Amino acid sequence: MSLSDCEDLDVSKLAKNVLPPLLLLVAFLSTWESVVWLLKIPAITLPPPSRIALAAYKNADELVIATGYTALASTCGLLCSVVIGVVMAAIFSQAAIIRRSFFPYAIFLQTVPIVAVAPLLLHWFGNGFQTIVMIVIIISLFPIIVNVTYGMVSVDRQLVNLFQLNRASRWQIFFKLQLPNSVPLLISATKTSAGLAVIGAIVGEFFAGLSTPLSGLGYFIMKSLEYKIDAMMAAVIASALLGNAMFTVISFIESKILARFGQVQSNVFQ
Amino acid sequence: MPATATRTISAEAVSKSFDDDQVVKEVSFTVNAGEFVSIVGPSGCGKSTLLRMIAGLEEPTTGALEVDRGTSESNLSFVFQDPTLLPWRNVRNNVALPIELRGTLNSQDQETIDDAIQRVGLTDLDKSKLPHMLSGGMRMRVSIARALVTQPKLLLLDEPFAAVDDVLRQQLNEELLKLWQQAGCEQPAFSAVFVTHNIAEAVFLSQRILVMGANPGRLLADIKVPFDYPRDSAIRTKPEFTELAADVLKRLRGS
């Protein structure tokens, strides 16, 4: 295959992956715009895309800072979740009895309605960044614990035998076998949790993001609730883009790591 | 009795049950130092369980099983049915694993590792490859190199070539015999117990064949293979070879 063939392939691949969603977006936005104008829907109910774009431009400085603040809170919380999740999975992986005893409480993390706990956390930890991060941790921890525990426990029995035959210690089995075995699952769980982390940060900011020197998208949305629907929608779009960006970054890391394991990234949408 | 001094394995009425299910029933046999013994039998005859007991991965329910573990730390190696490599480690680091688990790697070990890789027919280029970049046959070679890197006195193999095609299987059989015979040495490099369900493979490789039957797993026959080493592929077409293979088959069917 010559170099030009490769380039042709890339261009056609780009066209295949980027063009259809882009066209769909243009069609969607123009329909929205025309429907709003034709039916004379008041901007306070549903602003047209052009007004949202204008609001985004006017509030650009504040939006950028808010997005950065939310990105920081979700990233900090997500990193804490990864560390706490791996440590907890390491403990869970040691014995079935530990897993059986703790698992119902781990599920609690998954089922507890975050909006119900948020005021309680606000009461305990006060207004500010630390409480937002705490909410992010609660919402993003569960997928990591479950997947990493599974990765550590589901080690090939023959590999365990191999380690035993070479008189490996429990430490060696953990660090040289169970931990690396769980890495692909850790990455895919982190990808799932990244989206949850952004949700957690925004919910956290609803409750605990007020009157701090800097504030995030959640606070921006709350603040815009009164008569600034166009700015609010700009913030909603910014938060969606943020979730997307985090997902993309982790997907990139995932593809690099999975290549090392000889696995292919599963993506049904491409 | 000088014979017992060179005995590597001696099994006396060894039985194994999982719950109420008896998989191995009163099996008795011996393997002398340097001997190449195959165990053939249908699936479910307990041959793999027997091998796992020899390795110390399972305990016999009743009976006595003595395996000479010698004085050396690295007495016994096991080659599994699958290559069983760590997917995130390259060839060299996979082969280094047993030494690494037993202590820290020193410069002399590096030579031992390179030597083991070379002996199974892998090149310098292969050393840095990850397992998923290799073919099934190559992965099995890595697995054998890893088993040999500790210079074991007893090599246990559990249907290692079951997943490769027949041509490659024959080639790997010949290479395994070369590794066992150790060019230029009087004594074989190790004793070998080779579990398989392929009769021709067992006849080609071994000095003795233990034939096992199923339900429950028991020993049906202990057959001597009288052919001299080194054996090459020409032996497979000789009438004595086919006759012996037919005899083994008859014993297997007799169960």
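Residues numbered from 1 in each chain as written. Chains lettered and ligands numbered in written order. Predicted model: local features only at pLDDT ≥ 70, side-chain atom pairs only at ≥ 80, totals over all residues.

**Some words on the overall build of chain A**
Part 1 of the reasoning: Secondary structure assignment for chain A yields 10 helices and zero strands.
Part 2 of the reasoning: The helix and strand sequence of chain A, counted from the amino end, reads α-α-α-α-α-α-α-α-α-α.
Part 3 of the reasoning: Taken over the C-alpha atoms alone, chain A extends approximately 75 × 65 × 30 Å along its principal axes.
Part 4 of the reasoning: A buried classification covers 32% of the 270 residues belonging to chain A.
Part 5 of the reasoning: Look at the contacts in chain A between residues 6 or more apart in sequence, and 76% of them connect residues 24 or more apart. (Helix = DSSP H or I, 4+ residues; strand = E, 2+ residues; numbered from the N terminus. Buried ≥ 20, exposed ≤ 12 C-beta atoms within 10 Å, placed from the backbone. Contact = placed C-beta atoms within 7 Å.)

**A look at the interface of chain A and chain B**
Part 1 of the reasoning: Contacts between chain A and chain B engage 16 residues on the former and 14 residues on the latter.
Part 2 of the reasoning: Secondary-structure elements contributing two or more residues to the side of chain A that touches chain B are α7 (157-165) and α8 (170-208) of chain A.
Part 3 of the reasoning: Here the side of chain A that touches chain B takes seven residues from α7 of chain A, the largest share from any one element.
Part 4 of the reasoning: Of the residues in the side of chain A that touches chain B, the class split is seven nonpolar, six polar and three charged. (Nonpolar A, V, L, I, M, F, W, Y, C, P; charged D, E, K, R; others polar.)

**So, the environment of Met140 of chain B**
Residue and element names in this part refer to chain B.
Part 1 of the reasoning: You can see Met140 is positioned in helix α5 (residues 136-148).
Part 2 of the reasoning: In this structure the C-alpha to C-alpha distance between Met140 and Leu172, which are 32 residues apart in sequence, comes to 9.2 Å.
Part 3 of the reasoning: Filtering out sequence-adjacent residues up to four positions away, Met140 remains in contact with Pro83, Pro160, Phe161, Val164 and Leu172.

**Considering the packing of helix α5 (residues 114-125) of chain A against α8 of chain A**
All names here are of chain A.
Part 1 of the reasoning: Two numbers describe how α5 lies on α8: the axes approach to 10 Å, and their chain directions differ by 50°. Here α8 runs oblique to α5, going by the angle between their axes. In this structure, α5 crosses over α8, and the sense of that crossing is right-handed. For the pair α5 and α8, the contacting residues are Ile114, Val115, Ala118, Pro119 and Leu122 in the first and Gly200, Val203, Gly204, Phe207 and Ala208 in the second.
Part 2 of the reasoning: Across the contact of α5 with α8, the residue classes break down as eight nonpolar, two polar and no charged. (Axes fitted to C-alpha atoms, helices over the stretch in contact; angles between N-to-C directions. Parallel < 35°, antiparallel > 145°, perpendicular 65-115°, else oblique. Left-handed = near helix turned anticlockwise from the far one by under 90°.)

**Comments concerning the sheet that holds strand β6 (residues 154-158) of chain B**
Residue and element names in this part refer to chain B.
Part 1 of the reasoning: Reading across the sheet, the six strands line up as β5-β6-β7-β3-β8-β9 and stay open at both edges, with mixed pairing between neighbours. The sheet terminates laterally at β5 (76-79) and β9 (218-224), the two strands that pair on one side only. Neighbour to neighbour, the strand axes of the sheet diverge by 15° on average, direction disregarded.
Part 2 of the reasoning: Taken together, the five bridges between strand β3 (residues 36-40) and strand β7 (residues 191-196) define a ladder with parallel strand orientation. Bridge assignment links Val40 to a residue of β7, and that residue is Thr196. (Pairing = 2+ DSSP bridges.)

**Brief notes about the confidence of the model for chain B**
Residues and elements named next belong to chain B.
Part 1 of the reasoning: Chain-level pLDDT for chain B is 89 on average; 95% of the residues reach the 70-or-more range.
Part 2 of the reasoning: Across chain B, the element-wise mean pLDDT spans from 45 in helix α1 (residues 2-5) up to 96 in β3.
Part 3 of the reasoning: This stretch, residues 1-5, has a pLDDT under 50; its non-local contacts, to residues over four places away or in other chains, come to zero contacts.
Part 4 of the reasoning: Here the predicted complex scores 0.84 on pTM and 0.91 on ipTM. (pLDDT = per-residue confidence, 0-100.)

**Examining helix α6 (residues 129-153) of chain A**
Residue and element names in this part refer to chain A.
Part 1 of the reasoning: An ideal rise of 1.5 Å per residue puts 36 Å on 25 residues; α6 measures up with 35 Å between its terminal C-alpha atoms.
Part 2 of the reasoning: Remark: the principal bend of α6, roughly 40°, maps to Leu141, with a proline, Pro143, within the next four residues.
Part 3 of the reasoning: Within α6, 21 of the 25 residues are buried, which leaves the element mostly enclosed by the surrounding structure. (Expected span 1.5 Å × (residues − 1). Bend = angle between axes of the 7 residues up to and from the residue.)

**Some points on the sheet that holds strand β2 (residues 21-32) of chain B**
All names here are of chain B.
Part 1 of the reasoning: The sheet built from three strands is open, its strands ordered β2-β1-β4 with antiparallel pairing. With partners counted over all chains shown, the strands left at the sheet margins are β2 and β4 (62-67), one partner each. Going across the sheet, the axis of each strand differs from the next one's by a mean of 15°, ignoring polarity.

**Details of the pairing of β6 of chain B**
In regular strands, side chains alternate between the two faces of the sheet.
All names here are of chain B.
Part 1 of the reasoning: Of all the five residues making up β6, five are buried; the element is thus mostly covered by neighbouring parts of the structure.
Part 2 of the reasoning: Burial along β6 is two-sided: the residues Leu154, Leu156 and Asp158 and Leu155 and Leu157 are all buried.
Part 3 of the reasoning: Where β6 and β7 come together, five bridges link them in parallel fashion. Within the sheet, the bridge partner assigned to Leu154 lies in β7 and is Ser191.

**Quick notes on the domain arrangement of chain A**
Part 1 of the reasoning: Parsing chain A into structural domains produces domain 1 (1-41) and domain 2 (48-260).
Part 2 of the reasoning: A C-alpha centroid distance of 31 Å is found between domain 1 of chain A and domain 2 of chain A. (Domains from an automatic or database assignment.)

**A word on the nonpolar core**
Part 1 of the reasoning: Residues Val40, Val95, Ala145, Leu156, Val193 and Val248 of chain B are the most contacted members of the largest nonpolar core, which totals 67 residues.
Part 2 of the reasoning: Here this core takes six residues from α5 of chain B, the largest share from any one element.
Part 3 of the reasoning: No fewer than three residues from each of domain 1 (2-70 + 154-253) and domain 2 (83-152) of chain B sit in this core.
Part 4 of the reasoning: Ala89, Ile135, Ile145 and Leu185 of chain A belong to the second-largest nonpolar core, a separate cluster that totals 51 residues. (Core = buried A, V, L, I, M, F, W, Y, C linked by C-beta atoms within 7 Å.)

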